[in-house]
Amino acid sequence: MSIDLNDFTVVKEGEAEILMHAKNEVFFNKAQVNNRDLSIAVLRTFIPKRQQEHEAMSLKRAKSTPKNYENGASKTVMEEALNESHMNGEQSIAELEVPGEMSGDEQCTVSKEPEKTDEPKFCAELKPPRVLEALSASGLRALRYAREVDGIGQVVALDNDKASVEACRRNIKFNGSVAISKIESHLADARVYMLTHPKEFDVVDLDPYGSPSVFLDSAVQSVVDGGLLMCTATDMAVLCGGNGEVCYSKYGSYALRGKYCHEMALRILLASIESHANRYKRYIVPVLSVAMDFYVRVFVRIYTSASAMKNTPLKLSYVYQCIGCDSFHLQPLGRTVSKNNSVRHLPGFGPVVPQECSDCGKKFNMGGPIWSAPIHDEEWVTRMLADVKSVKDRYPAYNRISSVLTNVSEELPDVPLFLSLHNLCGTLKCTSPSAVIFRSAVINAGYRISGTHANPLGLKSDAPMDVIWDIMRCWVKNHPVKAQSSDQPGSIILSREPVLQANFARAVASLSKSQAKKVVRFLPNPERHWGPKLRAGRRVTSKHVSLLGSEAVNGHLEIKESEEPESKRPKAEDLTADS
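Below is a short write-up of the structure. Sequence order as written defines the numbering, with residues in each chain counted from 1. The predicted nature of this model means local features are confined to residues of pLDDT at least 70 and side-chain atom pairs, given and counted, to a pLDDT of 80 or more, with totals for whole chains, interfaces and linings taken over all residues. Side-chain descriptors were evaluated using all non-hydrogen atoms of the structure, hydrogens and water having been removed beforehand.

## A look at the side chain of Ser-372
- Elements are defined by DSSP. Helices are runs of H or I of four residues or more, strands are runs of E of two residues or more, and each kind is numbered from the N terminus. Topologically, Ser-372 is positioned in the loop between β14 (364-371) and α12 (378-390).
- Classification of Ser-372 as buried rests on a relative accessible area of 15%.
- Once you skip the residues sitting within four places of it in the chain, Ser-372 turns out to touch Arg-267, Leu-314, Lys-315, Leu-316, Ser-317, Leu-330 and Pro-416. Residue exposure (1.4 Å probe, protein chains only): buried if accessible area is under 20% of the type maximum, exposed if over 50%, otherwise partly exposed. By the convention used here, residues are in contact when the closest approach between their heavy atoms is within 4.5 Å.

Following this line, the structure appears as structure tokens:
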């Protein structure tokens, strides 16, 4: 069927172009260009990494002795190699199943003819990665993957909305032969499709409008061993503690409303993915996790190992947050005890805090469990940042994603959550020291400190809370505050003498490399009302001024009121999310 281009507007992003109908019935969010660019950067790092792992595994299999395969011990050997590499913090090989048990879904070619020798079979050729975009809408993301990521294989775009599938197929044709040869669009429920295609995709991308919780169980089953799961959550009100009970029902964790809420949202999502993966003897290894704009986005690799899965409780913790001074403490779920050559997994010791806060005497709120292990892979982040800078003209949102990756690369990887200097000063009702002075005091006390990508005012440190408060007590001695009520948390904290005498002399490492070079790390929004738009098909009302702007809302309502008589006027009119 021919397409009348007069009925459409051409939207170009990167190397892809899509046709948006005047009625705008298919969801398209311009603000997600940062999300798509970041995903492309991860894929460009994943493909060569996957190739390196495959070559290393092929070489290892070729050198394996035939006896390991003759006596049926090959699977145990492979699992031990996988577990050992991950316990040492390494990224392991993507495919570790026994060659004799490989299914046709695995991304390698194996000869069907019986081998005459006793040597093990291994993948001689690695096929290009298959990508599943579970919620495609207009198909822009799938088009950009197919056209911009070198070495990408087949891209399967799914949607359960007929208008979206029609739009996706129309856009595939509009983008020419490359898109037509690599992308296929299907009308299907993503959950059913992923369940019926287990371990078939090297990459699964979940970018729903709202919570991804209903897709996680099927998504972790459809990724091959060593494959990549990319997941977005935009229900930040739930993940940041606005509705703790709703968060628990969706993600299995209770969110707290601390200054670190956006990082806690990331860690709740990672803990939820890990929980779903564990049900199938699988586990995750985070590559990159970011909180940006109005959503959180995580990139994790998924592996299968019943023995490595036992380490999950070591990666999860509950959070105790004081209701008075906002001090927080983490309670690990599990611990290990080594004896001879064996390792026992036991429940974690607790409680880590008394009934009342030792700093201000108030009670604690309890949240979690959250993912308390590292949320980034430093090697991956370094490679991604170098790749992004080398081809900056290929990223429409280069400035934003380079600033995010720069911040991520400078974070302390092993410190969960962060402090807010302004929040500390707000508790004590004192003037705030500069970030450089506070960082210097922490460093001079013998601890580490860094910024965080989730908050321009956030500071990550391995210093315990009693050291942090001692530093603030020393600061207040030099910068006195007005007298407060004796029952206030700040008064109780300041009533005690500091054990540590803080040194506020300027430390060499008080500024990160990017700060020393004056690299911009946090950028303003590119335009007004930048953020999530209305779901496709929603009606515009006056309450949407904060999303669309008063001019757009008022102008739209005025037009519709003038077109129809009073008796037939609707309360609002359809408008999609990218208006």
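That shown, we press on.
## Quick look at helix α16 (residues 465-478)
- One less than the number of residues in a helix, times 1.5 Å, gives the span that helix is expected to have. For α16, spanning 14 residues, the distance from its first C-alpha to its last is 20 Å, which sits close to the expected 20 Å at 1.5 Å a residue.
- For α16, a buried count of eleven out of 14 residues is recorded, marking the element as mostly surrounded by other parts of the structure.
- Every buried residue belonging to α16 is among Met-465, Val-467, Ile-468, Trp-469, Asp-470, Ile-471, Met-472, Arg-473, Cys-474, Trp-475 and Val-476, and all of these are buried.
- Against the buried residues of α16 lie β11 (328-332), β15 (419-420), α14 (421-428), α15 (435-444) and α17 (489-494).

## Notes on the packing of aromatic side chains
- Stacked, tilted and edge-to-face pairs are distinguished by plane angle, under 30 degrees for stacked and over 60 for edge-to-face with tilted covering the rest, among Phe, Tyr and Trp rings (Trp via its six-membered ring) whose centres lie within 6.5 Å. For the structure on display, the rule yields seven aromatic pairs.
- Where Tyr-320 meets Phe-364, the ring centres are 6.4 Å apart and the plane angle is 85 degrees; that geometry is what we call edge-to-face. Taken as a pair, Tyr-320 in strand β10 (residues 316-322) and Phe-364 in strand β14 lie far apart in primary sequence, 44 residues in all. This pair shows no difference in class: Tyr-320 is buried, exactly as Phe-364 is.
- Cation placement over rings: the criterion is NZ of Lys or CZ of Arg within 6 Å of the ring centroid and within 35° of the ring normal. Its end group placed over the ring of Phe-349, Arg-335 keeps NZ or CZ at 3.6 Å from the ring centre.

## Some points on the environment of Gly-242
- For Gly-242, the location among the structural elements is in the loop between α9 (236-239) and α10 (244-251).
- For Gly-242, a relative accessible area of 44% gives the class partly exposed.
- Separated by 14 residues in sequence, Gly-242 and Leu-256 have C-alpha atoms that sit 8.3 Å apart.
- Beyond its immediate sequence surroundings of up to four residues, Gly-242 is in contact with Ala-237 and Arg-257.

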